[in-house]
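A structural walkthrough
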There are 2 protein chains.
Amino acid sequence: MEVTKTLARYIVQSRREEVPADVRHEAARALLNWCGCAIGASRHETINNMLAAVLPFAGQPQAQILGRNERTDCLHAALVNGVSSHVFDFDDTHAKAIHPSAPVYPALLALSEWKGISGADLVHAFVVGVETECRVGLSVFPEHYAIGWHITGTAGVFGAAAAIGKLLGLNEQQMAWALGIAATQSSGLREMFGSMCKSLHPGRASQNGLMAAMLASQNFTSSEQGIEAKRGFGRVMSTKFDPSIITADWGKRWELSSNMYKPFACGLVVQGTIDGCIQLRNENGLTPEMIDSVDLKVSPIVFELTAKENPQTGLEGKFSVFHAAAVALHTGMAGEAQFSDESVLNTVTVALRKRVRIERDESIGRVQSLITIKLKDGRTLERHVIHALGTLERPMSDADLEAKFRGLADGILTKKQADEVIRLCWTVETLPDAGAIARAAAA
Amino acid sequence: MEVTKTLARYIVQSRREEVPADVRHEAARALLNWCGCAIGASRHETINNMLAAVLPFAGQPQAQILGRNERTDCLHAALVNGVSSHVFDFDDTHAKAIHPSAPVYPALLALSEWKGISGADLVHAFVVGVETECRVGLSVFPEHYAIGWHITGTAGVFGAAAAIGKLLGLNEQQMAWALGIAATQSSGLREMFGSMCKSLHPGRASQNGLMAAMLASQNFTSSEQGIEAKRGFGRVMSTKFDPSIITADWGKRWELSSNMYKPFACGLVVQGTIDGCIQLRNENGLTPEMIDSVDLKVSPIVFELTAKENPQTGLEGKFSVFHAAAVALHTGMAGEAQFSDESVLNTVTVALRKRVRIERDESIGRVQSLITIKLKDGRTLERHVIHALGTLERPMSDADLEAKFRGLADGILTKKQADEVIRLCWTVETLPDAGAIARAAAA
């Protein structure tokens, strides 16, 4: 089965008209969410350090670094914007595996600025790129991830190559080469989680995928069986490889329809707790001094990942379900600002945090939570969150995504700029030049 | 065992004075050989196509593309020179595993041009880089290679990171990060052999290693157990991993002492045949019309890899022991020019090729050959090549390496330029600015 060549043919033959309207709207939602993440982390130490290292090598100012004033060549813009969009771990998540936008949109937006690509073509290329990376990822999932590969990097590079290859109008032969050049650059180890290198992975995937497609467009050759060969991606980098997943039902189901957006700026397993706490707070007008105790029944995985009782920094706060519950009840929010050092040390939040207890319950799902709040007036409030906000069963609304974007852009873009980026994202398919989005996101 | 941190400490603490003179001279030999390979392939389609793809993104003219007139930023120069040095498969080979120079020298020379590094420091950094990449490679060899990884790419990135990190003066913490950033970019599939992507691997390794060290110098963090962790390089990318190989006898044995240089521009298994044919030709003043028949007893692997009887292109000629023997007897040479399309179709060579026969002999080693030539005057000449020229037992002399360089540079550099590059390579340790070598190698 010639998977690489078949996939290349599907990508080349894909027509925009075949993509359903709801899938194209999902691309706009992903774009707004991705822009917010990239802008929000654009002043982070990770980005400052990276720019200090790579700016001496950057070329012509073809593309914007989002949220900043630097412009670089497309390859470096794809790298840096790819990194920034993953720094907060706040970017989108495909239902089963990968963070789809971070490897694909940075390359696409950079090329759009340089070549003047229409928003309609950008959206179509993004859909094709996501389809490619998710299918390649799913063909080796979960064994590939279990071995230690960071699938957002390893599969993401295929997405960027496919998306850029589509925009460049590669023929089938060239597209197979682009996928092969992507395959032979596929990398990213889970050992890097907890360091700046975790975010390097989608950045490199975006940059390397862009270069793969550029090389193929100039007839730089690779194997035409880069994915399925004995010594190709699937068999070298995984103990399980099912190539049929890559091509089955192409054009019938759309992986982008399984895309999720996190409402809260921390790990998945705490989202249900935060969601329920905010619901109870808002419905009952709770203030910290009204609350006697907070009892959470949670999945055992919460104990493994986020049971830090006494966090001292913002980053530690992300791994503390105690802080997450307290700050959600105190402020009604759980954006990046609620996981700052300052927020974690806020005396009101800290006092409330000490009244939060957790109990292991095997029957509670990993994104679920059963919350019981005892009030000082004797009342007891309870909320069982089965489908947390942001899951496929209860997706964030367009308005939720706008609010999330505003929270991330706050202090970096002006309100007027934020309005403009939001407007451009919602109308992306009408834009004659999608690069306008990147330019609007300059500091 | 904290292998990554220990290795980082060894690299940081290494002092030039500890490197024996013969090892430092080997670095000069490797430099001359590497320069020749990079210059020789600098006009190849692989390089033309790559430059067409990446030049639009290149930055300031910090570093020279060898054998051409383009100058680019260091990252792109490391990439392109790394690719060109492997295109002919004519670069050096470590006794057990890797092609050591192609991932390391391109990054080093680029940085030298940009920062004005002395030749003595360049040589020291190269020795440390080769030590690093060979030890990391040997820790997973041969299983890692057998799975399908192209070890020149996957281990080479560590060599470039270590060498550049040494030049940048990283501290131990930063060096461990540089090795981790290298680990998480390690890639390159053997499936790409036979396509332009094979040469992409050392180029990317050089470029990625350079960036790894630059990032680490700006405190871009990674895991400090990138090599040995459960989800680090060794265990994710190989079924066998022996970390003790990486640090054992550091500073006592030198991997560069096991470096080999190919005299002839084709695969290893044909080198013995060519060597013996040239010896017999030169000793006996043979011309094609004197020769009645040529019988070769060769290893079975020769049948597997290079038994093409009727090659029609230069590339096919590299996989034809018949052409190799004939062209060696006809011209007394087997450089890149003897594997051109023209040379493969030369009527005299073709006529002689048809009088070459091969016989499988299990007792003949893979780089050996037993040659029997019957002359029309009735004489029989025989030569059993046990240690082919270029093996560790019979290394190419400095003069041989000069001749090889001249053959590769011919038609690209003037004779005067070639003389100057040769002079600079032999005196590299006295140069105040090693970048002079790259500038002398401009077209």
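Here the structure is a predicted model, which is why all the values come from computation and not from measurement.

Examining the overall build of chain A
For chain A, the helix and strand inventory stands at 22 helices and eight strands. Taken over C-alpha atoms, the radius of gyration comes to 22 Å for chain A, in line with the 22 Å a tight globule of 443 residues would show. Oriented by its inertia axes, the alpha-carbon framework of chain A measures out at about 75 × 45 × 40 Å. Taking all 443 residues of chain A together, the buried fraction comes to 64%. With the model as given, the accessible surface of chain A reaches about 14,800 Å², and the carbon-plus-sulfur share is 50%. Here chain A holds 44 positive side-chain charges and 48 negative ones, and the gap between their average locations is 1 Å.

A word on the domain arrangement of chain A
The domain architecture assigned to chain A consists of domain 1 (3-261 + 396-440) and domain 2 (268-385). In this structure, domain 1 of chain A and domain 2 of chain A have C-alpha centres spaced 33 Å apart.

What about the interface of chain B and chain A?
Chain B puts 58 residues into the contact, and the matching count from chain A is 58 residues. Interface of chain B and chain A: buried area, both sides summed, is about 4,800 Å²; carbon and sulfur atoms make up 67% of it. Inspection of the region where chain B meets chain A yields zero salt bridges. In terms of residue count, helix α11 (residues 197-217) of chain B provides more of the side of chain B that touches chain A than any other element does, eight residues in total. Classifying every residue of the side of chain B that touches chain A gives 29 nonpolar, 24 polar and five charged.

Digging into the sheet that holds strand β6 (residues 356-360) of chain B
To summarise the sheet geometry, strands pair through backbone hydrogen bonds and adopt either a parallel or an antiparallel arrangement. Residues and elements named next belong to chain B. Sheet architecture is open: four strands sit in the order β6-β5-β7-β8, paired in mixed fashion. At either margin of the open sheet sits one strand with a lone partner, and together these are β6 and β8 (380-385). Neighbour-to-neighbour, the strand axes of this sheet turn through a mean angle of 15 degrees, independent of strand direction. As paired elements, strand β7 (residues 369-375) and β8 share six bridges and run antiparallel to each other. Among the inter-strand pairings, Ser369 is bridged to a residue of β8, identified as Val385. Against the sheet, helix α14 (residues 271-284) touches β5 (291-298), β7 and β8, its axis set at about 140 degrees to β8. Where helix α17 (residues 321-331) meets the sheet, it contacts β5, β6 and β7, and its direction lies at approximately 130 degrees from that of β6.

Rules and cut-offs
Positions within a chain are numbered from 1, following the residues in the order the chain's sequence is written. Here the convention is simple: chains get letters from A, ligands get numbers from 1, in the order in which they are written. Thresholds applied to this predicted model are a pLDDT of at least 70 for local features of residues and 80 or more for the giving and counting of side-chain atom pairs; totals over whole chains, interfaces and linings are not thresholded and use all residues. Side-chain metrics in this entry use all non-hydrogen atoms of the structure; hydrogen atoms and water are not considered. The helix and strand labels rest on DSSP assignments: H or I over at least four residues marks a helix, E over at least two residues marks a strand, and numbering proceeds from the N terminus. Between the two quantities, the radius of gyration covers C-alpha atoms and the globule rule is 2.2 Å times the number of residues to the power 0.38. Only protein chains enter the accessibility calculation, which uses a 1.4 Å probe; a residue whose area is less than 20% of its type maximum is buried, one above 50% is exposed, and one in between is partly exposed. Method for areas: the Shrake-Rupley scheme with a 1.4 Å probe, in which residue coverage is limited to the protein chains shown. A positive count includes Lys and Arg, and a negative count includes Asp and Glu. His and the chain ends are not counted in either. In this description, the location of a charge corresponds to atom NZ of lysine, CZ of arginine, CG of aspartate or CD of glutamate. Here the bounds of each domain stem from an automatic or database domain assignment. Any two residues whose heavy atoms approach within 4.5 Å at even a single point are treated as in contact. When two components associate, each loses some accessible surface as probed by a 1.4 Å sphere; the sum of these losses over both components is called the buried area. For salt bridges, the criterion is a side-chain nitrogen of Lys or Arg within 4 Å of an Asp or Glu carboxyl oxygen. Side-chain classes are defined by residue name, with Ala, Val, Leu, Ile, Met, Phe, Trp, Tyr, Cys and Pro counting as nonpolar, Asp, Glu, Lys and Arg as charged, and the others, Gly among them, as polar. Only when DSSP finds a minimum of two bridges between them are two strands counted as paired. As a rule, the C-alpha atoms of each element are fitted with a line to give its axis, helices using only the stretch in contact, and angles between N-to-C directions run from 0 to 180 degrees.

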